Amino acid sequence: MFLNKNVVDYMNFRAICRSCESAAPLIQWREAPISLKSAPLLPWLMSPDNHSGIHSFVDPKLGGKYLVKVPESLVDANILYSRKGWLLMHSISRNALSFYNPFTKDIIKLPYLLRAFVLSSSMGFTYAPTSKSYVVVAIHITLHEAEVRVFWYGWRGWSNYRFTNDISKFVSNHNSPVFHEGGFYVLGKDGNLGVFKVLWPERYTWKVLAVPQKPCISFCQSFLLECGGRLLSVFMGPVGEWIKVFALNGITMRWDKVSRLEHNTLYLNRPSSFSKPGWITGMGEKSSFQGSTMIQILWSIIVWRLENIIALVARMMQ
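Residue indices follow the written sequence of each chain, beginning from 1 at its first position. Owing to the predicted nature of the model, reporting of local features is limited to residues with pLDDT of at least 70; listing and counting of side-chain atom pairs is limited to 80 or more, with chain, interface and lining totals taken over all residues. By convention in this description, side-chain values take in all heavy atoms of the structure and omit both hydrogens and water.

Re the overall build of the protein chain
(1) Moving on: Helix and strand counts for the protein chain come out as three helices and 26 strands.
(2) Moving on: For the protein chain, buried positions account for 52% of its 318 residues.
(3) Moving on: Here, residues are in contact when the closest pair of their heavy atoms is within 4.5 Å. In the protein chain, the share of contacts with a sequence separation of at least 24, taken over all contacts with a separation of at least 6, comes to 46%.
(4) Moving on: Areas reported here follow the Shrake-Rupley algorithm with a probe of radius 1.4 Å; residue values treat only the protein chains shown as occluding. Surface accessibility of the protein chain: about 15,200 Å² in total, with carbon and sulfur atoms responsible for 53%. Per the convention used, a helix needs a DSSP run of H or I reaching at least four residues, while a strand needs a run of E reaching at least two, with both numbered from the N terminus. Categorising residues by exposure relies on relative accessible area from a 1.4 Å probe, with only protein chains included: less than 20% of the type maximum marks a residue as buried, more than 50% marks it as exposed, and the intermediate range marks it as partly exposed.

This is the structure in structure tokens:
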């Protein structure tokens with residue numbers, strides 16, 4: 001998960017409660033590398049420790065690790081998705097799904113969902129659970145079927161929808177879906193897209209788009225995210241040897257290669273990926289060239305292998 005922060009955010013975080021104050025010690029800001037007015041909101045990177053019940057927050061600019069203890073009911077919980085500062089978590093021992101806000105410590109429980117389905121599904125939600133119109137989905141793709149469980153705010157349980165799926169045409173890459181223009185988009189292993197549309201309660205559709213097709217011959221990992229109103233797909237070679245970024249062309253429905261992200265930074269991991277405007281230089285960058293494209297990667301790709309999290313932060317420029 002990623003959490004936004006600058007100096008002002010850091011002070012606000014300490015003011016939330018005593019736990020946050022003790023987790024984030026007072027820092028004597030001797031000098032500001034950039035002015036606060038122009039400072040982009042750089043995300044905090046977060047990783048859970050399911051054994052100790054501690055969430056670690058790391059600031060990629062200033063360094064240091066800040067520890068926050070999680071509620072007992074979520075000690076062994078895995079992060080399935082993050083959005084708007086909320087985590088969708090699954091407790092292994094309790095087999096329980098919950099929303100959790102690590103800043104306010106608020107927990108919102110969700111109805112029971114079969115453990116096997118949770119573990120084999122890609123899950124996501126539309127809006128923060130404080131909204132009265134949020135929707136949670138769990139998408140499970142099999143050889144011949146796309147099975148989707150849906151929970152709508154105020155419902156007592158999950159609704160189940162089944163759609164025909166052809167494995168020769170679509171196999172999920174098992175990353176979290178992206179909510180975009182009223183639908184949940186799932187990236188396939190061949191670079192194509194499956195779309196689950198939320199039209200209204202009890203009205204849903206599932207469709208595998210004939211295009212786009214795989215834009216890369218071979219790759220080890222792939223991610224899907226939204227950036228500036230566009231859907232982006234990111235493909236990585238072994239150990240980050242190369243990175244290629246593509247944007248979905250809404251007219252041709254094909255992946256167009258992206259050579260410039262207009263100073264946006266991409267934050268990628270399996271539970272959730274997103275983009276953020278802004279970039280701070282002087283962070284130990286490493287450059288790699290792909291034709292006319294230069295990819296700058298923080299901390300020599302900032303590939304964190306903290307249990308189930310692989311976080312990559314990259315900027316592309318000409």
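Moving on from the model shown.
Some points on the layout of surface pockets
(1) Moving on: Approximately 370 Å³ is the volume found for the second largest pocket.
(2) Moving on: Lining the second largest pocket are 20 residues, with Ile79, Leu80, Leu119, Ser121 and His174 positioned closest to its centre.
(3) Moving on: Every element with two or more residues in the lining of the second largest pocket is listed here: strand S5 (77–83), helix H3 (115–119), strand S9 (122–125) and strand S10 (135–141).
(4) Moving on: Residues are grouped as follows: Ala, Val, Leu, Ile, Met, Phe, Trp, Tyr, Cys and Pro are nonpolar; Asp, Glu, Lys and Arg are charged; all remaining types, including Gly, are polar. Residue composition of the lining of the second largest pocket, by class: eight nonpolar, eleven polar and one charged. Within this scheme a cavity is a closed region of a 1 Å grid, computed over the protein atoms alone, that accommodates a 1.4 Å probe without allowing it to escape, whereas a pocket is open but has protein on both sides within 12 Å along at least five of seven lines; lining residues each have an atom within 4 Å of a point. Grid points are joined across faces, edges and corners, and a volume is the space filled by probe spheres set on the points.

Examining the pattern of salt bridges
Between side chains of opposite charge, pairing is possible as soon as their charged atoms come close.
(1) Moving on: The term salt bridge refers to a side-chain nitrogen of Lys or Arg lying within 4 Å of a carboxyl oxygen of Asp or Glu. Under the defined criterion, the tally for this structure stands at three salt bridges.
(2) Moving on: A salt bridge links Glu145 to Arg162; its shortest N-O distance comes to 2.9 Å. Placement of Glu145 in strand S11 (residues 145–152) and of Arg162 in strand S12 (residues 159–164) is noted, with a sequence separation of 17 residues between them.
(3) Moving on: Arg149 is the partner of Glu147 in a salt bridge, and the nearest nitrogen-oxygen pair spans 2.9 Å. Each member of the pair Glu147 and Arg149 is classed as buried.
(4) Moving on: Taken together, the shared-partner salt bridges connect Glu145, Glu147, Arg149 and Arg162 into one network.

Some remarks on the side chain of Ser121
(1) Moving on: Looking at the element boundaries, Ser121 is found in the loop between H3 and S9.
(2) Moving on: You can call Ser121 buried: its relative accessible area is 15%.
(3) Moving on: Within polar-contact distance, the side chain of Ser121 engages the backbone oxygen of Phe117 at 2.4 Å.
(4) Moving on: With near-sequence residues (within four places) excluded, Ser121 lies in contact with Ala138, Ile139 and His140. Any pair of nitrogen or oxygen atoms within 3.5 Å is treated as a polar contact; in protein, a donor-acceptor pairing is required on top of that, and neighbouring residues in sequence qualify only through side-chain atoms on both sides.

Notes on the packing of aromatic side chains
(1) Moving on: Note on aromatic pairs: the rings of Phe, Tyr and Trp (six-membered ring only in Trp) are paired at centre separations within 6.5 Å, and the planes decide the class, stacked below 30 degrees, edge-to-face beyond 60, tilted for the rest. Taken as a whole, this structure holds 14 aromatic pairs when the rule is applied.
(2) Moving on: Put simply, the rings of Tyr81, Phe99, Phe125, Tyr134, Phe151, Tyr153 and Trp158 pair up and form one aromatic cluster.
(3) Moving on: Two thresholds decide whether a charge sits over a ring: the Lys NZ or Arg CZ must be within 6 Å of the ring centre and within 35 degrees of the ring normal. When the ring centre of Phe117 is taken as origin, the NZ or CZ atom of Arg149, which lies over that ring, is 4.3 Å away.

A word on the sheet that holds S10
(1) Moving on: At least two bridges found by DSSP between two strands are what make those strands a pair. Spatial ordering of the open sheet is given by S9-S10-S11-S12, a layout of four strands whose pairing is antiparallel. If you trace the sheet from one side to the other, it starts and ends with S9 and S12, each paired once. Between one strand and the next, the sheet's axes are offset by a mean angle of 20°, whatever the strand orientation.
(2) Moving on: Bridge count between S11 and S12: six bridges; the pairing is antiparallel. The residue of S12 that forms the bridge with Val148 is Tyr161. Note on definitions: angles span 0 to 180 degrees between N-to-C directions of axes, and those axes are lines fitted to C-alpha atoms, for helices only across the stretch in contact.

Quick word on the confidence of the model for the protein chain
(1) Moving on: The pLDDT value tells you how sure the predictor is about a given residue, anywhere from 0 up to 100. For the protein chain, per-residue confidence averages 75 on the pLDDT scale, and residues scoring 70 or more make up 70% of the total.
(2) Moving on: Predicted confidence for residues 28–39 stays below pLDDT 50, and this span has eleven contacts to residues more than four positions away or in other chains.
(3) Moving on: Low pLDDT, under 50, characterises residues 282–318; the stretch is placed with 115 contacts to residues that sit more than four places away or in other chains.

Brief notes about the pairing of strand S19 (residues 243–248)
(1) Moving on: For S19, the tally of buried residues reaches five of six residues, placing the bulk of the element in the interior.
(2) Moving on: With five bridges joining them, strand S18 (residues 230–236) and S19 adopt antiparallel strand pairing. Across the sheet, residue Met236 finds its bridge partner in S19, namely Ile243.
(3) Moving on: As judged from the three bridges shared by S19 and strand S20 (residues 255–257), these two strands associate in the antiparallel manner. Along S20, the bridge assignment pairs Ala247 with Asp256.
(4) Moving on: In this structure, the hairpin formed by S19 and S20 is closed by a connection of six residues, where Met253 is found at a positive phi of approximately 55°.

Looking at unusual backbone geometry
(1) Moving on: Its identity is not glycine, yet Glu181 carries a phi of approximately 50°, on the positive side.
(2) Moving on: Summarising the element assignment, Glu181 is placed in the loop between strand S13 (178–180) and strand S14 (183–187).
(3) Moving on: In this model, Met253 sits at a positive phi of 55°, which is unusual for a non-glycine residue.

Concerning the sheet that holds strand S8 (residues 107–109)
(1) Moving on: Spatial ordering of the open sheet is given by S5-S6-S7-S8, a layout of four strands whose pairing is antiparallel. Strands with a single pairing partner mark the edges of an open sheet, and in this sheet they are S5 and S8. Mean inter-strand twist for the sheet, computed between neighbouring axes without regard to direction, equals 25°.
(2) Moving on: Sheet topology places strand S7 (residues 96–100) next to S8; three bridges connect them, and they run antiparallel. By the bridge assignment for S8, Tyr100 is matched with Ile107.

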